[in-house]
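Structural overview for review
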Amino acid sequence: MENRPPFHSRRASERNSSNNNLRIRNILNSIFILGALVGMGVYFWKDQFIGGIIIIVAMVFKFIECCLRFIHR
């Protein structure tokens, strides 16, 4: 019999870093969704310029999330 480590031991550390990355991505996505909804509300009911700025700032969070997704792979 070969004396090799269990199959799952190497993947456990990958899974932990993946879960941490997934948690950060979920938080960034939540910030993006809330920012986009608030920005749309401000855009349609108050001031178009300020609403557009809020939406652009929310898109920055989405861009960061996408970069994390592509870098982690």
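Residues numbered from 1 in each chain as written. Predicted model: local features only at pLDDT ≥ 70, side-chain atom pairs only at ≥ 80, totals over all residues. Heavy atoms only, no water.

**Focus: the overall build of the chain**
Each helix and strand counted, the chain has two helices and zero strands in total. For the chain, the residues scored as buried account for 14% of the 73 residues in total. The long-range fraction of contacts in the chain, counting pairs at least 24 apart against all pairs at least 6 apart in sequence, stands at 56%. For the chain, the exposed surface amounts to about 6,300 Å²; the carbon and sulfur share of it is 66%. (Helix = DSSP H or I, 4+ residues; strand = E, 2+ residues; numbered from the N terminus. Buried < 20%, exposed > 50% of the residue type's maximum accessible area, 1.4 Å probe, protein only. Contact = heavy atoms within 4.5 Å. Areas by Shrake-Rupley, 256 points an atom, 1.4 Å probe, with all protein chains shown as cover.)

**Focus on the packing of aromatic side chains**
Considering all chains together, one arrives at one aromatic pair under this definition. A centroid spacing of 5.2 Å and a plane angle of 90 degrees characterise the contact between Y43 and F44, whose relative ring orientation is edge-to-face. Accessibility expressed as a relative area gives 58% for F44, which makes it exposed. Between the NZ or CZ atom of R69 and the centre of the ring of F70, over which it lies, the distance is 5.8 Å. (Phe/Tyr/Trp six-rings, centres within 6.5 Å; stacked < 30°, edge-to-face > 60°. Lys NZ or Arg CZ within 6 Å of the ring centre and 35° of its normal.)

**A word on a nonpolar patch on the surface**
There is a patch of nonpolar side chains on the surface, built from I33, L37, M40, Y43, F44 and W45 and spanning about 720 Å² of accessible area. A relative accessible area of 48% means that I33 is categorised as partly exposed. (Patch = residues over 30% accessible without salt bridge, like charges linked within 9 Å, V, L, I, M, F, W, Y side chains within 5 Å. Salt bridge = Lys/Arg side-chain N within 4 Å of Asp/Glu carboxyl O.)

**Quick word on the side chain of E65**
Its location among the elements puts E65 in helix α2 (residues 48–72). Polar contacts involving the side chain of E65 include one to the side chain of R25, which spans 2.9 Å. If we ignore the near neighbours within four places in the chain, the residues touching E65 are R25, L28 and N29. (Polar contact = N/O pair within 3.5 Å; in protein donor to acceptor, adjacent residues only side chain to side chain.)

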